[in-house]
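# Chains, contacts and geometry: an overview
Listed below, chain by chain, are the residues.
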Amino acid sequence: MKGQYFSFDAIIASVIFILALVALLSYWHSVKSFLDYQDDPLSREAVRLSNLFFTPPSPSSDCGTMDQLGFAISWDDRRVNSSILECAETQAAISQEWLKERLGAESYGISLKVTNLDTGAISFIGGDVPSSPAPANVMKLRRLATVVNSTDGSTYLASFDLSLYK
């Protein structure tokens, strides 16, 4: 009996091989894209700033003496202190440079949108991303946190939307 080259088994094997090759190339492309994303200085700075938000302010939580901005209550309690949040909103409304200096990001524009997820109230720290002229690069990052009201101790969930632009 003579064999056939294009038998049903050979066709199925070819299809399986092509599907495996496509899956491997797709995985390789996604890993490469992720590594390229991590090498971008703008995204690295956005991750650094979003982590900095959940550290306590240094040396104190007083707006006048604060050298480094952080919203956390302490190193052990990473919940956000509402009084520091209000202080940063007030100071950043006066001067965008105050926010940049306290975060150590003088070469980037910073916009932090804090949304109370219980009531829907929105506040901006550092203004919104300008629409004219549009920035060349914008990196957006969202973090969720529990905010503690400093007067009565009540808590609410809030989203912190950081927009870093150049």
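Quick caveat, the model's predicted, so the values are computed rather than measured.

## A word on the overall build of the protein chain
- Helices and strands together make up the secondary structure of the protein chain, namely four helices and five strands.
- The helix and strand sequence of the protein chain, counted from the amino end, reads α-α-β-α-α-β-β-β-β.
- Rg of the C-alpha trace for the protein chain: 24 Å, well past the compact-globule value of 15 Å for 166 residues, more than 25% over.
- Along the first, second and third principal axes, the C-alpha atoms of the protein chain reach 95 × 40 × 30 Å.
- The buried share among the 166 residues of the protein chain stands at 34%.
- Pairs at least 24 apart in sequence give 55% of the contacts found in the protein chain among residues at least 6 apart.
- Surface accessibility of the protein chain: about 10,400 Å² in total, with carbon and sulfur atoms responsible for 58%.
- The centroid of the 13 positive side-chain charges in the protein chain is displaced by 9 Å from the centroid of its 18 negative side-chain charges.

## Comments concerning helix 3 (residues 82-94)
- The terminal C-alpha atoms of helix 3 lie 19 Å apart, and with 13 residues this matches the ideal 18 Å at 1.5 Å per residue to within 8%.
- Turning to helix 3, its buried residues number three or more, namely Ser82, Ile84, Leu85, Cys87, Ala88 and Ala92.
- Where helix 3 is buried, its residues meet strand 1 (80-81), helix 4 (96-103), strand 2 (109-116), strand 3 (122-125), strand 4 (138-148) and strand 5 (155-165).

## Description of the pattern of salt bridges
- Summed over all chains, the structure comprises five salt bridges.
- Of the charged contacts in the structure, one is a salt bridge between Arg48 and Glu45, with a shortest N-O distance of 2.7 Å. Highlighted residues: Arg48 and Glu45, both in helix 2 (residues 41-52), separated by three residues, approximately one helical turn.
- Owing to a relative accessible area of 34%, Arg48 belongs among the partly exposed residues under this scheme.

## A few points about the layout of surface pockets
- By volume, the largest pocket is sized at about 190 Å³.
- In terms of lining, the largest pocket is formed by 13 residues, of which the most central are Leu85, Val114, Asn116, Ser123 and Tyr156.
- Elements that contribute at least two residues to the lining of the largest pocket include exactly helix 3, strand 2 and strand 3.
- With four residues, helix 3 is the largest single contributor of residues to the lining of the largest pocket.
- Across the lining of the largest pocket, the residue classes tally to six nonpolar, five polar and two charged.

## What about the sheet that holds strand 5?
- Taken together, the five strands give an open sheet; going across it, the order is 1-4-5-2-3, and neighbouring strands pair in mixed fashion. Across the chains shown, the open sheet's two edge strands, defined by having one partner strand only, are strand 1 and strand 3.
- Two strands pair when backbone bridges link them, and strand 4 and strand 5 are joined in this way by eleven bridges, in the antiparallel orientation. From the neighbouring strand, Met139 faces strand 5, where its bridge partner is Leu164.
- Most of the contacts of helix 4 go to strand 2, to which it runs at about 95°, and overall it touches strand 2 and strand 3.

## Re the packing of aromatic side chains
- Applying the stated criterion across every chain, the model contains three aromatic pairs.
- When the centroid spacing of 5.8 Å and the interplanar angle of 70° are considered together, the rings of Phe54 and Phe160 count as edge-to-face. Of this pair, Phe54 sits in the loop between helix 2 and strand 1 while Phe160 sits in strand 5, and the two are 106 residues apart along the sequence.
- Judged by relative accessible area, Phe54 falls into the buried class, the value being 7%.
- Each member of the aromatic cluster is reached from another via a ring pair, and the members are Phe53, Phe54, Phe71 and Phe160.

Conventions adopted
- Within each chain, residue numbers correspond to sequence positions counted from 1 in written order.
- At least 70 in pLDDT is required for a residue's local features to be given in this predicted model, at least 80 for side-chain atom pairs to be given and counted, and no such filter applies to totals for whole chains, interfaces and linings, which use all residues.
- Just so you know, side-chain values use all the structure's heavy atoms and leave hydrogens and water out.
- In DSSP terms, a helix is any run of H or I states spanning at least four residues, a strand is any run of E spanning at least two, and both are numbered starting from the N terminus.
- Atoms counted for the radius of gyration: C-alpha only. Globule rule: 2.2 Å times the number of residues to the power 0.38.
- Partly exposed describes any residue whose relative accessible area lies between the buried limit of under 20% and the exposed limit of over 50%, with all areas from a 1.4 Å probe on protein chains only and scaled to the type maximum.
- Residue contacts are counted whenever heavy atoms from the two residues lie within 4.5 Å of one another.
- Accessible areas in this description were obtained via Shrake-Rupley with a 1.4 Å probe; residue shielding takes into account the shown protein chains only.
- Working convention for charge: Lys and Arg count positive, Asp and Glu count negative, and His plus the chain ends are omitted.
- For the purpose of locating charges, the reference atoms are NZ of Lys, CZ of Arg, CG of Asp and CD of Glu.
- Working rule for helices: expected span equals 1.5 Å times residues minus one.
- Put simply, a salt bridge is a Lys or Arg side-chain nitrogen that is within 4 Å of an Asp or Glu carboxyl oxygen.
- In this analysis, the protein atoms alone were mapped onto a 1 Å grid. Cavities are point sets where a 1.4 Å probe fits without being able to get out; pockets are open sets with protein on both sides within 12 Å along at least five of seven lines; lining residues have an atom within 4 Å of a point.
- Grid points are joined across faces, edges and corners, and a volume is the space filled by probe spheres set on the points.
- Think of it as three bins: nonpolar holds Ala, Val, Leu, Ile, Met, Phe, Trp, Tyr, Cys and Pro, charged holds Asp, Glu, Lys and Arg, and polar takes everything else, Gly as well.
- DSSP calls a pair of strands paired once it identifies at least 2 bridges connecting them.
- Helix axes are fitted to C-alpha atoms over the stretch in contact, other axes to C-alpha atoms as well, and angles between N-to-C directions run from 0 to 180 degrees.
- Whether two aromatic rings pair depends on their centres lying within 6.5 Å, for rings of Phe, Tyr and Trp, where Trp uses its six-membered ring; planes under 30 degrees apart make the pair stacked, over 60 edge-to-face, and the rest tilted.

Remember that the coordinates give geometry; whether it matters functionally is a separate question.
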